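Tertiary structure, described
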Amino acid sequence: MRKITLLIMAAGIGSRFGGGIKQLEPVGLHDEIIMDYSIHDAIEAGFSKIIFVIRKDIEADFRERIGNRIEGICSKLGVETAYAFQELEDVPGDVPVGRSKPWGTGQAVLAAREYIHEPFAVINADDYYGKEAFVKMYDWLALDHADTAFAMAGFILQNTLSDNGGVTRGVCSVEAGHTHVVDVVETENIIKLVDESGKITSEADGIAINPKSYVSMNFWGFSAKAGCAPAYMDILADGFEKFFIDEVKKNPLKSEYLLPVHIGGLLREGKCTVKILETHDKWFGVTYKDDKNNVVQSFKQLIADGVYREDLYSDLLQG
């Protein structure tokens, strides 16, 4: 069976969360975190290697909270684990004076470059994606594709909005058949609006956005030929050098190298294709502290509905 890797980006600070390490917030009946459910679903779908991208300063907390436990579970299931570290100084140039903000999701993926020699998917640590997305992504990655053929789990915008404030999403334009993305625009401060009839609409800074638009939730897939590193890693590294020359000069303290922005640029230049793997599962996550109670209740309901066992990994370990 072909090895396929899941890379989990868990280094982000989470400035809107209001303090603490949001990726490590307990949400399950036995203090599971959102990442637990993603790892469960990925292993169930067939992924056989998990890479955590974290920061050195949260390593001890991360290993204590989830890392050591997941390593034990993965060992029993024959799933590899590895750690990569996103570091401020890991850049193709000098770090600007006063810079403390991480360089973004593009650099997070590059931090794991030496560990990836097979097809891989990328997810955020603090987003719940649902089982369907992992199955569809695994099935796509298990097939051969061109070096510049990528995939994206396509969520519906209204299924990804927070009741507690604005969110950032990669809003997608799609071709007529809804099979491929033609553009991705990283859009900040998208808010959810509900009228008296219960109809959901959305807008960003006063500009209406179709709530049924496809959006990226940073669940991407990148193919690789047998025995080779994914070609996207070289493309991403080249883009980071250009970003450092062009964008960091403009905004040295806050500019970020983001996957949706990079891929959107490649699409506009005709340098890649992005297959939509449509999912109608409802996203949830803890963008804001006030989101947490909804997430806790959502997992309780999923367990009550039989989607997950109360002892989360027991179905995999018994299988």
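Residues numbered from 1 in each chain as written. Predicted model: local features only at pLDDT ≥ 70, side-chain atom pairs only at ≥ 80, totals over all residues. Heavy atoms only, no water.

1. So, the side chain of Thr105
Tracing the sequence through the fold places Thr105 in helix 3 (residues 105-111). Separated by 2.9 Å, the side chain of Thr105 and the backbone nitrogen of Leu259 make a polar contact. Once you skip the residues sitting within four places of it in the chain, Thr105 turns out to touch Met9, Asn218, Tyr257, Leu258, Leu259 and Pro260. (Helix = DSSP H or I, 4+ residues; strand = E, 2+ residues; numbered from the N terminus. Polar contact = N/O pair within 3.5 Å; in protein donor to acceptor, adjacent residues only side chain to side chain. Contact = heavy atoms within 4.5 Å.)

2. Side note on the pattern of salt bridges
A full pass over the atoms with the stated rule returns 18 salt bridges. Residue Glu118 pairs with Lys49 through a salt bridge whose shortest N-O separation is 3.4 Å. One end of the pair, Glu118, is in the loop between helix 3 and strand 4 (120-124); the other, Lys49, is in strand 2 (residues 49-54), with 69 residues separating them in the sequence. Its relative accessible area of 7% is what places Lys49 among the buried residues. Among the ionic contacts, a cluster of salt bridges with common partners joins Glu59, Arg63 and Glu71. (Salt bridge = Lys/Arg side-chain N within 4 Å of Asp/Glu carboxyl O. Buried < 20%, exposed > 50% of the residue type's maximum accessible area, 1.4 Å probe, protein only.)

3. Some thoughts on helix 6 (residues 259-268)
Across the 10 residues that make up helix 6, a large majority, 8, are buried. Considered for burial, the residues of helix 6 that qualify are Leu259, Pro260, His262, Ile263, Gly264, Gly265, Leu266 and Leu267. Remark: Gly270 follows helix 6 within two positions and exhibits a positive phi of approximately 70 degrees.

4. Focus: the packing of helix 5 (residues 231-250) against helix 6
Taken N-terminus to C-terminus, the directions of helix 5 and helix 6 make an angle of 100 degrees; their axes are 11 Å apart at the nearest point. It follows from the interaxial angle that helix 5 and helix 6 lie roughly perpendicular. Facing Tyr232, Ile235, Leu236 and Gly239 of helix 5, the residues of helix 6 in contact are Leu259, His262, Ile263 and Leu266. The residue inventory of the contact of helix 5 with helix 6, partitioned by class, reads 6 nonpolar, 2 polar and no charged. (Axes fitted to C-alpha atoms, helices over the stretch in contact; angles between N-to-C directions. Parallel < 35°, antiparallel > 145°, perpendicular 65-115°, else oblique. Nonpolar A, V, L, I, M, F, W, Y, C, P; charged D, E, K, R; others polar.)

5. Focus: the pairing of strand 4
Of all 5 residues in strand 4, 5 are buried; the element is thus mostly enclosed. In this structure, strand 1 (residues 5-9) lies alongside strand 4, joined through 5 bridges in parallel fashion. Paired with Ile8 across the two strands is Ile123, which belongs to strand 4. Pairing analysis gives 3 bridges linking strand 4 to strand 11 (residues 214-222), with the strands arranged antiparallel. Bridging across to strand 11, Phe120 finds its partner in Phe222. (Pairing = 2+ DSSP bridges.)

These figures capture arrangement, not role.
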